[in-house]
Amino acid sequence: MSDIIDVHTHYVPKGWPDLSADAGVDAPWLRVESESDAIIMMGTREFRRIQSDAWDYEVRLRDMDADGVRAQVVSPTPAFFNYGRTPEEAERIARIFNDLALTIVEPAPDRLVPFCQVPLQDTDAACRELERCVENGHRGVEIGNHVGDRDLDSEGIVTFLQHCASLSVPVFVHPWDMASSPRLDRWMAQWLAGMPAETHLSILSLILGGGFDRIDESLRIAFAHGGGSFAFWLGRVDNAWHRRHDIIGTSAEPPSRYVDRFYVDSVVFDERALRLLVDTMGSERVLVGSDYPYPLGERPVGSVVRKSEFLTPEARAMIEHENAMRFLGLS
């Protein structure tokens, strides 16, 4: 078996209690079609069709074995973050899904690494749920890249990230709640253009918003989908920092000085994109991710990393598992 550690996968439980307490909210529920098929519903609207690989650890382990994956970080599906609900409701839902996640990974604790979700709209509630989850066996936390119009540099979220640093809990940032418009509602453009832009923006918020300047350097934080468009446009951001310092000179250092403060995953699907990512971030800051089990993910897991001829054996080993060990606090 390969030594690959996949830091970007998701789960969906096979059912959960009624979540419709908030009036006017399209509560998520699961319409089970068969033993192996279901549809995530948002009220009466079909959101996504899923299969048993979302909840069945045996299916997941078979796929991992087929792809040569030693271990997998299992994170929530962002549709269930519920940042738009009241903090009380979001905390109740987080507890439900976090406890169900532990039942999914429990049969294979050496291979399935659970990450929790938190009610990020309320700092105290988020810190409280994080502590409860870590005590119960979660190894990290997945958060969305924004809460309404609040980005990751807002005071409450910075406080939460600092709490993660103090507890040595790794953070995985996933884009969600992308903007919608007639131009973005075609061809899955929210996913093809909106997701990369959202991730880029959330990295910029921690840099240009001064978040990294206010958070201890011990914070271990990673961004999904190769960090979005950040690597491609880092030169533009640096140029703007120097030439329009009167507007964006809000960070203590130029943006390129912060690339050693975070990780990105490898879900970029093309060797040329991976080369740019490694050249920009350094091979010590890239982690294998797949977005399993969703159809826009990479299968077999780690294909581009395995096939990329520009990687030295040492760099490939770092990306496949050594960096993930460090990110997860296993070494």
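So, how was this worked out
- Residues numbered from 1 in each chain as written.
- Predicted model: local features only at pLDDT ≥ 70, side-chain atom pairs only at ≥ 80, totals over all residues.
- Heavy atoms only, no water.
- Phe/Tyr/Trp six-rings, centres within 6.5 Å; stacked < 30°, edge-to-face > 60°.
- Helix = DSSP H or I, 4+ residues; strand = E, 2+ residues; numbered from the N terminus.
- Buried < 20%, exposed > 50% of the residue type's maximum accessible area, 1.4 Å probe, protein only.
- Lys NZ or Arg CZ within 6 Å of the ring centre and 35° of its normal.
- Patch = residues over 30% accessible without salt bridge, like charges linked within 9 Å, V, L, I, M, F, W, Y side chains within 5 Å.
- Areas by Shrake-Rupley, 256 points an atom, 1.4 Å probe, with all protein chains shown as cover.
- Salt bridge = Lys/Arg side-chain N within 4 Å of Asp/Glu carboxyl O.
- Lys, Arg positive; Asp, Glu negative; His and termini not counted.
- Charge placed at Lys NZ, Arg CZ, Asp CG, Glu CD.
- Contact = heavy atoms within 4.5 Å.

1. What to know about the packing of aromatic side chains
Each aromatic ring pair is described using two quantities: the centre-to-centre distance and the angle formed by the ring planes. Taken as a whole and assessed by the stated rule, the structure comprises 13 aromatic pairs. Taken together, a centroid distance of 5.7 Å and an interplanar angle of 75° make the contact between Phe81 and Trp176 edge-to-face. Here Phe81, found in the loop between β5 (69-75) and α2 (87-105), pairs with Trp176, found in the loop between β8 (171-174) and α5 (189-208); they are 95 residues apart in sequence, far enough to count as distant. The pair formed by Phe81 and Trp176 is uniform in burial state, with each residue classed as buried. Here the aromatic cluster, defined as three or more aromatic residues joined through ring pairs, consists of Phe212, Phe223, Phe230, Tyr258 and Phe262. The lysine or arginine in question, Arg48, covers the ring of Tyr294, its NZ or CZ lying 4.3 Å from the ring centre. Lying over the aromatic face of Trp233, Arg236 brings its terminal NZ or CZ to 5.9 Å of the ring centre.

2. What to know about a negative patch on the surface
There is a patch of like negative charges on the surface, built from Asp216, Glu217, Asp260 and Glu284. Here Glu217 shows up in the loop between α6 (211-214) and β9 (221-223).

3. Side note on the pattern of salt bridges
What the rule picks out here adds up to 17 salt bridges. Between Asp3 and Arg70 there is a salt bridge, with the nearest N and O atoms lying 3.7 Å from each other. Highlighted residues: Asp3 in the segment before β1 (4-10) and Arg70 in strand β5, separated in sequence by 67 residues. The class for Arg70 is partly exposed, based on a relative accessible area of 28%.

4. Points about the environment of Val158
Structurally, Val158 is set in helix α4 (residues 155-167). A relative accessible area of 5% means that Val158 is categorised as buried. For the pair Val158 and Pro313, spaced 155 residues apart in sequence, the C-alpha separation works out to 37 Å. Not counting residues up to four positions away in its chain, the partners in contact with Val158 are Leu152, Asp153, Gly211, Arg214 and Ile215.

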